Amino acid sequence: MSLSDEERRIMVELEIERAEKITEQFPTLQEQKYWDTLVNRMYYAVFHAVSALMIHNAIHVHTHRGTLIAFNKEFVRTGVFSEEEGHLFSKLEGMRERGDYNCFIDTTEEEIVPLIEPLKALIAKIKDKISQ
């Protein structure tokens, strides 16, 4: 399905709004020490921001994995985003899957809290790239 410019703009805006709303949940989840839920929300915040970037650039993806692969191919390998930023998205995907589907392993505060500010910076950078 092909989107008009106006439809694309609206979809990008909605994806960014979703990323921002999810990011607002971080402090509450930290206070409650819900680390697995926090990693889930962190992953989805960056997923929605990256989805906005894909839509903005008319890059069609159909899965979460496809979004990660396209982000690395189109934006990390080309130097638009750093390897560290690509690794952060990948790491959060793995941590989210582990937290959501593996009842034997819990995400820890030490693992997740250091990723919050880099995640926020990545989302801000994505928003900046979209607005250019």
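Residues numbered from 1 in each chain as written. Predicted model: local features only at pLDDT ≥ 70, side-chain atom pairs only at ≥ 80, totals over all residues. Heavy atoms only, no water.

Thoughts on the overall build of the protein
When its secondary structure is counted, the protein shows six helices and zero strands. The order of α-helices and β-strands along the protein, N terminus first, is α-α-α-α-α-α. Here the protein holds 132 residues, and the buried ones make up 40% of them. Nonlocal contacts in the protein, meaning residues at least 24 apart in sequence, comprise 63% of its contacts between residues at least 6 apart. Summed over all atoms, the accessible surface of the protein reaches about 7,700 Å², with 52% contributed by carbon and sulfur. Across the protein, the 16 positively charged side chains and the 23 negatively charged ones have centroids separated by 3 Å. (Helix = DSSP H or I, 4+ residues; strand = E, 2+ residues; numbered from the N terminus. Buried < 20%, exposed > 50% of the residue type's maximum accessible area, 1.4 Å probe, protein only. Contact = heavy atoms within 4.5 Å. Areas by Shrake-Rupley, 256 points an atom, 1.4 Å probe, with all protein chains shown as cover. Lys, Arg positive; Asp, Glu negative; His and termini not counted. Charge placed at Lys NZ, Arg CZ, Asp CG, Glu CD.)

Observations concerning the packing of helix α3 (residues 35-56) against helix α4 (residues 64-76)
Where α3 meets α4, the closest approach of the two axes is 10 Å, and the angle between their N-to-C directions is 60°. In this view, α3 runs oblique relative to α4, as classed from their interaxial angle. Note that α3 runs across α4; the crossing there is left-handed. Contact residues: Y43, Y44, F47, V50, S51, L53 and M54 in α3; H64, T67, A70, F71 and F75 in α4. Classifying every residue of the contact of α3 with α4 gives nine nonpolar, three polar and no charged. (Axes fitted to C-alpha atoms, helices over the stretch in contact; angles between N-to-C directions. Parallel < 35°, antiparallel > 145°, perpendicular 65-115°, else oblique. Left-handed = near helix turned anticlockwise from the far one by under 90°. Nonpolar A, V, L, I, M, F, W, Y, C, P; charged D, E, K, R; others polar.)

What about helix α6 (residues 109-131)?
For α6, which comprises 23 residues, the first-to-last C-alpha distance of 33 Å matches the rise-based estimate of 33 Å (1.5 Å per residue) to within 8%. Most pronounced at I116, the bend in α6 amounts to some 35°, and the proline P118 follows within four residues. Residues of α6 that are buried make contact with α1 (5-23), α2 (26-31), α3, α4 and α5 (83-101). (Expected span 1.5 Å × (residues − 1). Bend = angle between axes of the 7 residues up to and from the residue.)

Notes on the pattern of salt bridges
This structure, assessed with the given rule, holds eight salt bridges. Between R9 and E13 there is a salt bridge, with the nearest N and O atoms lying 3.1 Å from each other. Of the two residues, R9 and E13 both sit in helix α1, four residues apart, roughly one turn of that helix. Classification of E13 as partly exposed rests on a relative accessible area of 40%. The shortest N-O distance in the salt bridge between E111 and R98 comes to 3.1 Å. Of this pair, E111 sits in helix α6 while R98 is found in helix α5, placing the two residues 13 residues apart along the sequence. Its relative accessible area of 27% is what places E111 among the partly exposed residues. On the basis of relative accessibility, which here comes to 23%, the residue R98 falls in the partly exposed class. If you follow the salt bridges from partner to partner, you end up with E6, R9 and E13 in one network. (Salt bridge = Lys/Arg side-chain N within 4 Å of Asp/Glu carboxyl O.)

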